[in-house]
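This is what each chain is made of:
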Amino acid sequence: MEPLVALLAVAVAAAGGALGPAVLRRLPDPPPDDHPADEPAPPAYAALADAPRLGAGLAGVSAAVVALAALVLGTGWVLAYVVLATPVCVLLAHVDSRTRLLPKRVVLPATGALVLLAMGEWAVTGEAGEVLRAGVAMVALRSFYWFLWFVNSAGMGFGDVRLAALLGLVLGRAGVAEVLVGAYAAFLVLALPALVAALVRRDRSRLRQAKPFGPAMIVGALVGLLAGPVLLP
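The numbers attached to residues start from 1 for each chain and follow its sequence in the written order. Side-chain atom pairs in this predicted model are given and counted only at pLDDT of 80 or more, local residue features only at pLDDT of at least 70, and totals for whole chains, interfaces and linings cover all residues. Side-chain metrics in this entry use all non-hydrogen atoms of the structure; hydrogen atoms and water are not considered.

(A) Region of the structure containing the layout of surface pockets. In this analysis a 1.4 Å probe is tested at points of a 1 Å grid over the protein atoms alone, and where it fits but cannot get out there is a cavity; an open set with protein on both sides within 12 Å along at least five of seven lines is a pocket; lining residues have an atom within 4 Å of a point. Grid points are joined across faces, edges and corners, and a volume is the space filled by probe spheres set on the points. Considering only enclosed or pocket space, the second largest pocket measures out at about 250 Å³ in volume. Gly falls in the polar group here, along with every residue not listed as nonpolar (Ala, Val, Leu, Ile, Met, Phe, Trp, Tyr, Cys, Pro) or charged (Asp, Glu, Lys, Arg). Here the residues of the lining of the second largest pocket are counted per class, giving 15 nonpolar, one polar and no charged.

Right, here's the structure in full:
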């Protein structure tokens, strides 16, 4: 039974990823004031959607992530959260890497769907502990990123704050170690490539270059989800 559940989870994630271009085409163009004045305007979302084989790429990455999660985490309730969040996060990582924007019309409905899933789990199982932990982690991680945005809004967008809530809920449902490792790993994922490039090319300016944080947050969350209990037993 478990292999069938895992295969179904992979298929659902792949289907969700394949819908990415259609989602992008329905988004309004980014407002002109949503990017720094000294940088070129980001491309329209519809233009991103027209990239060759984008749907297949998003579907493949989503399926691979869920397959790995099923292998590591099993086929319990946590996998349901991962299946719901993965296609959204893969799409957001793609968009943020090209526009430095995380559209709230994608992040907020996905977060709402995860909250409904948590409420559904509570109703079905009657067990509140793990669901409440997910809610606490969602609020805590969002609050942490809100504080970072408040003290340095030039270095972090509010889209990162919204994304933190989504990731915090999924990580919190998995466990405390997953939350702590996932939050910390995001900053390592962001900083290490720039540090390596600066050392190899002997160019410190690479350390000061602005980079989208969304992809690092998502990869860091994946590290926390898959390796949190191992790295922080």
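(B) Fine view of the packing of aromatic side chains. A pair of Phe, Tyr and Trp rings is counted when the ring centres sit within 6.5 Å of each other, with Trp represented by its six-membered ring. The angle between the planes then sorts it: under 30 degrees is stacked, over 60 is edge-to-face, the rest tilted. Inspection of the entire model under this criterion finds eight aromatic pairs. Judged by centre distance (5.0 Å) and plane angle (15 degrees), the ring pair of Trp146 and Phe150 falls under stacked. Taken as a pair, Trp146 and Phe150 lie in helix 7 (residues 129-151) at a separation of four residues, close to a single helical turn. Between Trp149 and Phe158 the ring centres are 4.9 Å apart and the planes differ by 80 degrees, which places this aromatic pair in the edge-to-face class. To sort residues, take the accessible area from a 1.4 Å probe on protein chains only and compare it with the maximum for the residue type: under 20% means buried, over 50% means exposed, and anything in between is partly exposed. Taking relative accessible area as the criterion, Trp149 reaches 25% and is therefore assigned partly exposed. The secondary structure listing takes helices from DSSP runs of H or I that are at least 4 residues long and strands from runs of E that are at least 2 residues long, numbered from the N terminus.

(C) The arrangement of the environment of Leu84 in detail. Of note, Leu84 is situated in helix 5 (residues 77-99). Taking relative accessible area as the criterion, Leu84 reaches 34% and is therefore assigned partly exposed. For the pair Leu84 and Leu117, spaced 33 residues apart in sequence, the C-alpha separation works out to 9.1 Å. Each residue touching Leu84, except ones within four places of it in the same chain, is listed here: Ala113, Leu114 and Leu117. For this analysis, residues touch if any pair of their heavy atoms sits within 4.5 Å.

(D) Inspection of the side chain of Arg173 at higher detail. Along the chain, Arg173 turns up in helix 8 (residues 158-174). Here the side chain of Arg173 touches Glu130 through a polar contact of 3.0 Å, side chain to side chain. When neighbours within four sequence positions are excluded, Arg173 is seen to be in contact with Trp77, Val78, Tyr81, Glu121, Glu130, Arg133 and Ala134. Polar contacts, as used here, are pairs of N or O atoms within 3.5 Å; protein pairs need one atom able to donate a hydrogen and one able to accept it. Residues neighboring in sequence count only if both atoms are side-chain atoms.

(E) Seen up close, the nonpolar core. Remark: nonpolar core denotes a set of buried residues (Ala, Val, Leu, Ile, Met, Phe, Trp, Tyr, Cys) joined through side-chain atoms within 4.5 Å. One finds Leu24, Leu92, Tyr145, Leu166, Leu167 and Met217 to be the most contacted residues of the largest nonpolar core, which totals 59 residues. Of all the elements, helix 5 adds the most residues to this core, at 13 residues. Look past the residues within four positions of Tyr145 in its chain and what remains in contact with it is Met156, Asp160, Val161, Ala164, Ala183, Ala186, Phe187, Phe213 and Met217.

(F) Summary view of empty space enclosed by the protein. A full pass over the atoms with the stated rule returns one cavity of 30 Å³ or more. For the largest cavity, the calculated volume is near 60 Å³. In terms of lining, the largest cavity is formed by Leu141, Tyr145, Leu167, Leu171, Gly182, Ala183, Ala186, Met217 and Ala221. Those elements giving two or more residues to the lining of the largest cavity turn out to be helix 7, helix 8, helix 9 (176-201) and helix 10 (214-231). Sort the elements by how many residues they give to the lining of the largest cavity and helix 9 lands first, with three residues. When grouped by side-chain class, the residues that make up the lining of the largest cavity number eight nonpolar, one polar and no charged.

(G) Structural context of the pattern of salt bridges. A carboxyl oxygen of Asp or Glu within 4 Å of a side-chain nitrogen of Lys or Arg is what we treat as a salt bridge. Per the stated rule, a full pass over the model turns up three salt bridges. Its salt-bridge partner being Arg25, residue Asp50 comes within 3.3 Å of it at the nearest N-O pair. Of the two residues, Asp50 sits in the loop between helix 3 (45-49) and helix 4 (54-73) while Arg25 sits in helix 2 (residues 20-26), which places them 25 residues apart along the sequence. When its relative accessible area of 54% is taken as the criterion, Asp50 is described as exposed. Its salt-bridge partner being Glu130, residue Arg173 comes within 3.0 Å of it at the nearest N-O pair. Here Arg173 is found in helix 8, whereas its partner Glu130 is found in helix 7, with 43 residues between them in sequence.

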